[in-house]
Amino acid sequence: ETSSYKLELPDELRNRRVHDRFHVSLLKPHIAHEDSRFPNRNIEYFYDLGNYVDGETVVEDIIDHMWMPRLMLQVKWADGDCTWETLQNCSQLAALDRYLALHNVAKPSDLPRAR
């Protein structure tokens, strides 16, 4: 009857303002976690929402970077927004550590300058 679905979310997600309506194209069947295939996976890493403070915005990840002339990092926020931020604004984020590891570099100045 409709191309979107409203999900029943736990209170923790509703309090975090996780949207409860999704277009059918974004939904996939749930496949249970297979410990035998992924023995060291920490499932809590994917779902740890931390301590939410009303009005506080949470960084989900750093998804890109560019030099112009200083380093700018594209930050994906938990509410789905993406913004470009200076290294100074991101220097204390765990997301920056993950991004550097993804690029196999030890410090932000070692990130590639052109693609």
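Right above here is the structure, for reference.
What this report covers is the structure whose coordinates are included nearby. (Residues numbered from 1 in each chain as written. Predicted model: local features only at pLDDT ≥ 70, side-chain atom pairs only at ≥ 80, totals over all residues. Heavy atoms only, no water.)

### Observations concerning the pairing of strand 4 (residues 71-77)
Of all the seven residues making up strand 4, six are buried; the element is thus mostly covered by neighbouring parts of the structure. The sheet contact formed by strand 3 (residues 59-67) and strand 4 spans seven bridges and is antiparallel. Note on strand 4: the bridge partner recorded for I62 is V75. The antiparallel hairpin formed by strand 3 and strand 4 contains three residues in its connecting segment. Direction of pairing for strand 4 relative to strand 5 (residues 82-86): antiparallel, over a ladder of five bridges. Across the sheet, M72 pairs through a bridge with T86, a residue of strand 5. Counting the residues between successive antiparallel strands, the hairpin from strand 4 to strand 5 contains four residues, one of them, G80, with a positive phi of roughly 100°. (Buried < 20%, exposed > 50% of the residue type's maximum accessible area, 1.4 Å probe, protein only. Helix = DSSP H or I, 4+ residues; strand = E, 2+ residues; numbered from the N terminus. Pairing = 2+ DSSP bridges.)

### Brief notes about helix 4 (residues 94-102)
Side chains three or four residues apart in an α-helix point the same way, a direct result of the helix having 3.6 residues per turn. Here helix 4 has its buried residues at A95, L96, Y99 and L100. Taken end-on, helix 4 shows its buried residues confined to a sector of 135°, consistent with a single buried face. Opposite its buried face, helix 4 presents the exposed residues D97 and A101, each directed more than 90 degrees away. Considering only its buried residues, helix 4 is in contact with strand 3, strand 4 and helix 3 (87-90). Positive phi appears at N104, one or two residues downstream of helix 4, with a value of about 60°. (Arc of directions from axis to C-beta. Contact = heavy atoms within 4.5 Å.)

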